[in-house]
Amino acid sequence: MSLLDLSISELGRGLRAREFSSVELAGEALGRAESLDGRLGSFLRTTPELALEQARAADRRLADEADPPALCGIPIGHKDVLCTRGVETTAGSRILEGFRPPYDATVVARLARDGAVVVGKMNCDEFAMGSSNENSGFQPTVNPWDEERVPGGSSGGSAAAVAARLTVAALGTDTGGSVRLPASFCGVVGVKPSYGRVSRYGVIAFASSLDQVGPLAKTVEDAQLVLSCIAGPDRRDSTTSPAPVSDLAGALREGVRGLRLGIPREYVEAGLEDGIKAVFESACRWLEAEGAELVEVSLPSTEYALAAYYVIAPAEVSSNLARMDGIRFGPGEPQAPSLLEAYELARNRGFGPEVRRRVALGTFVLSSGYYDAYYLRAQKVRTLVAQDFSRVFERVDALISPTAPTPAFRLGERTHDPLAMYATDALTLPANLAGISGLSVPAGFTAGLPVGVQVLGPYLGEAMCLRVGAAVERAADVWRRVPAGFDG
Amino acid sequence: MAELQAVIGLEVHAQLLTRSKMFCGCRAEYLGLPPNSNTCPTCLGLPGALPVINRRAVEMTIQTALALGCRIPEFSKFDRKNYFYPDLPKGYQISQYDLPLSLGGHLEFEVDGERRSCGITRVHLEEDAGTLHHAGEIHTAKFSLVDLNRAGVPLMEIVGEPDLRSPREAPQYLRALRQLLLHLGVNDGNMEQGSLRCDANISLRPRGQRELGVKVEVKNMNSFRSLEAALEFEVRRQSAVIESGGTVHQETRGWSEVEQATVSQRSKEEAQDYRYFPEPDLPPLQVSRDLVERLRGALPEPPLRLRDRLRDQHQLGEEQAALITERPQDAAYFEAMVAAGAPPRSAANWQLGPLQALCKDAKLDIEHSPVPAVELAALVRMVEAGEVSGTTGREVLVEAFAMGRSPVDLIRERGLIQVSDAAQMQAWVDGAILQLPKAAADFRSGNDRALGPLVGAVRKASGGVANPDLASRLLRERLGRGGG
Ligand SMILES: [Zn+2]
């Protein structure tokens, strides 16, 4: 039994009752990372000095303040795409080695303001591009439930570290499923907020129109506490919604009685592994038993979503990554005979193959003569995908489906087949195209591997997602299970 | 072969006089600061940083567009223009592509007193790049240093239609545009320092032909003179190519001040594909009709109309009126002088002559002149009334300007008010004739030139306050040459 097995509210009670201090709690997290992360590779770096400083401050607040924030003194990890002032931030890429941002991302600052304690920067696929964490420029992360398997990506380090109890919670980013997929593969909760619900300021961009920061945590309530802290308008990010954040905590207690939940036919009719199907079907039965009405719905544009995504996201990538030119970041190529060659050398050395592939793809689809055929058309598909969702949300309160068609796959299994790798996100990426809310919640296991259920809610429907997610979590009752070898 | 006609269109970039940069809170004023000190994560293009639209820059652009008679669509957006260059920290420039802030206007200007009009395709908003400092010549330098103080300064682009037909028209168009920007208070008009920049597109075609010829883009002209010279050079160069049976290549050329020639920079084949796409970090701009009407209501009087009004109202000369309305602060100073009772033509002469020279030497703008319009008007009135001579007036103005004093106060303190009292003058005149008997005799016998020293002697005897006109008249009378 470790303190890290406890939920945030349980830890909060212990901290307030002085059963343990934030310094002790951070020490335990860092100690576990020190002794166990050699196997996992979930941290790119731990931040013991920062953690100690923040934990001390948190202990003072816990002693002084009548009502300290829920996250005060709670250890948290930041996916390495989040800028942390003075702490190296690489986005999992060699080209950003040594980059110490002079500023904090808004989400990082908001967690710090509430007294959360940063224990480290979490590994991820390079610039968040990947579904397995095998594209990290530094090291792969493995799945704590089976160290031969991937943790999912791109927020694989965040998910694996929460599952293995190396941190209480972590932030990830979800561009096409990068929070929900690893949450499903690692047996933790992962929330993808609606586009614009959480500030992207200080988030190293993958695809700006799709990226959202979201929490990974052991429980739906833990995820809600982190989300409540980071959500809301930010004047530094013009794409944040000005709408106030709804009562997310209240949603957890409401239950699903009387809710109408849709099951998208296109998400369940083909390609699901049997074990996934079985877990999803039991989740459906629980929800019905709790009083929800389940109906089949159709999202007819689903089959085009993947293709549209792989035009739009790379297009934005090709532009977002242009600043990584070897002049401002990376080792640079001062010996190159010309400026053009300096760029080419720096980017060929600094970027991994998947990033180079997407930059090339994105450059192509934006090129004159191809723009209309690819980018413009993909944007039209994106509109259709969004219309599909708005149409079904007139009839249902939320959608449920498996998060992924398979459980965690083996390391190396899909690295040589980019299309198979891309298909991993088939059930998650439509929500990014549409900008709606979603989460993944653990619902059971197949062959010893966790299986997540995805809940999708309307735009700014985070409360609805949490409400349904909490019901699945209660029925599944699996969140206290710890991967073998990380329990103790 | 028919005579060749030039077809010219100008693209003008104007830095906006906002307080902060286009997408961040850094100062828009960047000159003279230590390198890279006027920067933040956003204008440095640091990973993760995001842009936020400068409302004032949008307003200034709309106001300029309205002054040019453009349409302001309700919906506009920003796009990314992608290209690699070390002065462009993000690897793209945030600009506007297919939905600019404004479309379709025109600019009135004059060539040799004749009114012309040139279409304006669009006025849009974008951000400036940083600056590069090469260690030597660009192609041989061992290294180049990047300064991003300028990166992100709001840049308004005014794209003109290819309506100009000779190199002579180009600087006139640009002067009129510059004057408009000055009157709107959106740009400082400084071409040397690059806050106002101009590129030109020029092609030739046989007169009477409808289709346009092959277009060449010319860059690097940083004065009205170099703009005209570069276009004249291009007319000669392209004419020679065409007349010798060759074809003009579509390309970008740069004006070399040293060589007084344009030099090829980039051919059409090497032209960049900017891969424009909508800037996902910024929401589309909704321009409310209320804002447009508010900005329209705040437009100043158009410079050409102001010029004509002042010319007609105050009987100014054509050139005088043009000079006095070149900048709004000049016109304001002039109108303030006239309001304070100075006769308009003299007011204009004093302002454009001695005052402007003093301001120029002191590197002071007229609006910060230590001698305000009301004070100069009072001085002009005294000169006009004959209370001080023009010479004394100018001397006093120089001192007053340097000391920050009122010229009239100085005149009073020093007793410089001109004496026109005949009895007093008579005594000084008699004294001068006694003092300079030879000059007196020479003048009496018809030598006009001898009068000068006599008047000088009167002035000297009077301590400078004798009215010289009166002195000459009295001397003439006394020496028997009155009435002539
Ligand atoms: Zn800045």
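Note that the structure is predicted; figures quoted are calculated from it, not measured. Residue indices follow the written sequence of each chain, beginning from 1 at its first position. Here every chain gets a letter starting at A, and every ligand a number starting at 1, in the order they are written. Given that this is a predicted model, residues contribute local features only at a pLDDT of at least 70 and side-chain atom pairs are listed and counted only at 80 or more, while totals for whole chains, interfaces and linings are drawn from all residues. Side-chain calculation: all heavy atoms of the structure are included, whereas hydrogens and water are not.

Trainee: Got a minute to help me understand the overall build of chain A in this structure?
Mentor: Helix and strand assignments come from DSSP, with helices taken as H or I runs of at least 4 residues and strands as E runs of at least 2, each series counted from the N terminus. When helices and strands are counted, chain A shows 17 helices and eleven strands. Projected onto its principal axes, the C-alpha coordinates of chain A cover approximately 65 × 50 × 45 Å. Residue exposure (1.4 Å probe, protein chains only): buried if accessible area is under 20% of the type maximum, exposed if over 50%, otherwise partly exposed. In chain A, buried positions account for 66% of the 488 residues. The contact definition used throughout considers only heavy atoms, calling two residues in contact when any of these lie within 4.5 Å. Residue pairs at least 24 apart in sequence account for 77% of intrachain contacts in chain A once pairs closer than 6 positions are excluded.

Trainee: So what exactly am I meant to see when it comes to helix α4 (residues 224–243) of chain B here?
Mentor: Residues lying three or four places apart along an α-helix face the same way, a consequence of the helix completing one turn every 3.6 residues. Compared with the 28 Å implied by 1.5 Å per residue over 20 residues, the 28 Å span of α4(B) between its first and last C-alpha is a close match. Of the residues one or two after α4(B), Gly245(B) is the one with positive phi, at around 85°. Expected helix span is taken as 1.5 Å per residue step, with the number of steps being one fewer than the number of residues.

Trainee: Explanation requested: the confidence of the model for chain B in the structure shown.
Mentor: Close inspection of predicted coordinates is inappropriate in any region flagged by low pLDDT. Residues at a pLDDT of 70 or more form 99% of chain B, whose mean pLDDT is 93. Scored as a complex, the prediction yields pTM 0.91 and ipTM 0.96. Per-residue confidence from the predictor is reported as pLDDT, which spans 0 to 100.

Trainee: What's the story with the layout of surface pockets in this structure? I'm lost.
Mentor: One water molecule sets the probe size; rolling that probe over the atoms shows where empty space is left. Residues and elements named next belong to chain B. Space inside the second largest pocket adds up to approximately 1,300 Å³. Only protein atoms enter the 1 Å grid used here, on which a cavity is any set of points holding a 1.4 Å probe that cannot leave and a pocket is any open set flanked by protein within 12 Å on both sides along at least five of seven lines; residues with an atom within 4 Å of a point are listed as lining. Along its surface, the second largest pocket is lined by 42 residues, and Asp-188, Gly-189, Asn-190, Arg-327 and Asp-365 are the ones closest to its centre. For the lining of the second largest pocket, the secondary structure elements donating two or more residues are α3 (169–184), α8 (328–339) and α9 (344–362). Here the lining of the second largest pocket takes five residues from α9, the largest share from any one element. Residues belonging to the lining of the second largest pocket are distributed by class as follows: 16 nonpolar, 13 polar and 13 charged. Grid points are joined across faces, edges and corners, and a volume is the space filled by probe spheres set on the points. Polarity classes work like this: nonpolar for Ala, Val, Leu, Ile, Met, Phe, Trp, Tyr, Cys and Pro, charged for Asp, Glu, Lys and Arg, and polar for all others, with Gly in that last group.

Trainee: How should I be thinking about the pairing of strand β6 (residues 114–127) of chain B in this particular structure?
Mentor: Consecutive side chains of a regular strand alternate in pointing toward one face of the sheet and then the other. Residues and elements named next belong to chain B. For two strands to count as paired, DSSP must find a minimum of two bridges between them. Here nine bridges tie strand β5 (residues 102–111) to β6, and the two strands are oriented antiparallel to one another. Following the sheet pairing, Glu-110 is matched in β6 by Arg-115. Two strands pair when backbone bridges link them, and β6 and strand β9 (residues 154–160) are joined in this way by seven bridges, in the antiparallel orientation. Its bridge partner being in β9, Glu-127 is matched across the sheet by Pro-154.

Trainee: For this particular structure, what's the right way to read a nonpolar patch on the surface?
Mentor: A contiguous nonpolar patch, built from Ile327(A), Leu339(A), Tyr85(B) and Ile138(B) and spanning about 310 Å² of accessible area, is present on the exposed surface. Structurally, the position occupied by Tyr85(B) is in the loop between β3 (79–82) and β4 (92–95). Overall, the relative accessible area of 31% leaves Tyr85(B) in the partly exposed class. Each patch is built from residues that are more than 30% exposed by relative accessible area and take part in no salt bridge. Like charges join if they lie within 9 Å; nonpolar side chains (Val, Leu, Ile, Met, Phe, Trp, Tyr) join within 5 Å. Each accessible area value is a Shrake-Rupley result obtained with a 1.4 Å probe; residue values ignore everything except the protein chains displayed when judging cover. For this document, the term salt bridge refers to a Lys or Arg side-chain nitrogen within 4 Å of an Asp or Glu carboxyl oxygen.

Trainee: Help me out: how do you make sense of empty space enclosed by the protein in this one?
Mentor: All names here are of chain B. In total, this model carries five cavities of 30 Å³ or more according to the counting rule given. Quantified by volume, the largest cavity comes out at close to 150 Å³. Thr-42, Cys-43, Lys-90, Glu-127 and Gly-152 are, among the 21 residues lining the largest cavity, the residues nearest its centre. Among the secondary structure elements, those contributing two or more residues to the lining of the largest cavity are α1 (41–44) and β4. Of the residues belonging to the lining of the largest cavity, the class tally is 14 nonpolar, three polar and four charged. Approximately 90 Å³ is the volume attributed to the second largest cavity.

Trainee: Would you take a moment to explain the sheet that holds β3(B) for this structure?
Mentor: Through backbone hydrogen bonds, the strands of a sheet pair up, either in parallel or in antiparallel fashion. The three strands are arranged β4-β3-β14 (chain B) in an open sheet whose pairing can be described as antiparallel. Each edge of the sheet is formed by a strand with only one pairing partner; in this case those strands are β4 and β14 (277–278) of chain B. Against the sheet, helix α11 (residues 302–320) of chain A makes contact with β3, β4 and β14 of chain B, and its axis sits at roughly 60° relative to β3(B), the strand it touches most. Where helices are involved, their axes are fitted lines through C-alpha atoms of the stretch in contact, as for all axes, and angles between N-to-C directions lie from 0 to 180°.

Trainee: What is the right way to look at the pattern of salt bridges in this model?
Mentor: Oppositely charged side chains may form a pair once their charged atoms are brought near each other. All names here are of chain B. Counting across every chain of the model gives 60 salt bridges over all chains. When the shortest N-O distance is used, the salt bridge between Arg-80 and Asp-281 registers 3.1 Å. On the criterion of sequence distance, the pair formed by Arg-80 in strand β3 and Asp-281 in the loop between β14 and β15 (285–286) is long-range, its members being 201 residues apart. Taken as a pair, Arg-80 and Asp-281 share a single burial class, namely buried. With its nearest N and O atoms 2.9 Å apart, the salt bridge here joins Asp-308 to Arg-307. As far as the burial class goes, Asp-308 and Arg-307 line up, both buried. Here the salt bridges do not stand alone but share partners, grouping Glu-108, Glu-110, Arg-115, Arg-307, Asp-308, Arg-311, Asp-312 and Glu-318 into one network.

Trainee: Please explain the coordination of the zinc ion as it appears in this structure.
Mentor: Tetrahedral coordination by four donors sets the ideal angle at the metal to 109.5 degrees; octahedral coordination by six donors sets it to 90 or 180 degrees. Residues and elements named next belong to chain B. Each metal site lists N, O and S donors within 2.8 Å (3.2 Å for Na, K and Ca). With water left out of the atoms, a site can look as if it is missing ligands. Around the zinc ion, the protein supplies Cys-24 (SG), Cys-26 (SG), Cys-40 (SG) and Cys-43 (SG) as donor atoms, at distances of 2.3 to 2.4 Å. Geometry is assigned from the angles between donors: four donors with all angles from 85 to 135 degrees make a tetrahedral site, four or six donors whose opposite pairs exceed 155 degrees while the rest stay between 65 and 115 make square planar or octahedral sites respectively, and everything else is labelled irregular. Coordination at the zinc ion is tetrahedral: its four donor atoms span angles of 103 to 116° at the metal. Along the chain, the residues that donate to the zinc ion are spaced as C-x1-C-x13-C-x2-C.

Trainee: Would you mind going over the packing of aromatic side chains with me for this structure?
Mentor: Where two aromatic rings form a pair, the distance of their centres and the angle of their planes describe that pair. Residue and element names in this part refer to chain A. Here a pair means two rings of Phe, Tyr or Trp (six-membered ring of Trp) with centres within 6.5 Å. Their orientation is stacked below 30 degrees between planes, edge-to-face above 60, and tilted elsewhere. Summed over all chains, the structure comprises 20 aromatic pairs over all chains. Both rings, one in Phe-185 and one in Phe-409, keep their centres 5.8 Å apart while their planes meet at 90°; by these two values the pair is edge-to-face. Taken together, the residues Phe-185 in helix α6 (residues 180–186) and Phe-409 in the loop between β9 (398–402) and α15 (418–423) connect sequence positions 224 residues apart. Judged by its relative accessible area of 0%, Phe-185 falls in the buried class. Over the ring of Phe-486 we find Arg-39; its NZ or CZ atom is 4.4 Å from the centre of that ring. Working rule: Lys NZ or Arg CZ, within 6 Å of ring centre, within 35 degrees of ring normal, means a charge sits over the ring.

Trainee: Sorry, what's going on with the packing of helix α10 (residues 373–384) of chain B against helix α11 (residues 390–403) of chain B here?
Mentor: All names here are of chain B. It is at 9 Å that the axes of α10 and α11 come closest, and there the two elements cross at 160°. The orientation of α10 relative to α11 falls into the category roughly antiparallel. The element α10 and its partner α11 pack so that their crossing is right-handed. Facing α10, whose interface residues are Leu-376, Leu-379 and Val-383, α11 presents Gly-390, Gly-393 and Leu-397. In these notes the angle categories are as follows: under 35 degrees is roughly parallel, over 145 is roughly antiparallel, 65 to 115 is roughly perpendicular, and the rest is oblique. Crossing handedness: left-handed means the near helix sits turned counterclockwise from the far one by under a right angle, and right-handed means the same turn made clockwise.

Trainee: Teacher, can you tell me more about the domain arrangement of chain B here?
Mentor: Many analyses report the size of an interface as the accessible area lost when the parts associate. Residue and element names in this part refer to chain B. Looking at the assigned domains, one finds that chain B contains domain 1 (4–292), domain 2 (301–416) and domain 3 (420–478). Taken together, the nine residues of domain 1 in the interface contact nine residues of domain 2. Values labelled buried area give the accessible surface lost by two parts on being combined, using a 1.4 Å probe and summing over both. Contact between domain 1 and domain 2 buries roughly 780 Å² in total, counting both sides, with carbon and sulfur atoms accounting for 57%. Scanning the region where domain 1 abuts domain 2 turns up three salt bridges. The residue Asp-308 makes a salt bridge to Arg-115 at a minimum N-O spacing of 3.2 Å. Under this definition, polar contacts are N or O atom pairs within 3.5 Å; protein pairs additionally need one hydrogen-donor-capable and one acceptor-capable atom, and for neighbouring residues in sequence, both atoms have to be side-chain atoms. The tally of links between domain 1 and domain 2 comes to five residue pairs in polar contact (both at pLDDT 80 or more). Residue assignment for the side of domain 1 that touches domain 2 shows that the elements contributing at least two residues are β5 and α3. Its residues assigned to classes, the side of domain 1 that touches domain 2 shows three nonpolar, two polar and four charged. Those domain boundaries reflect an automatic or database domain assignment.

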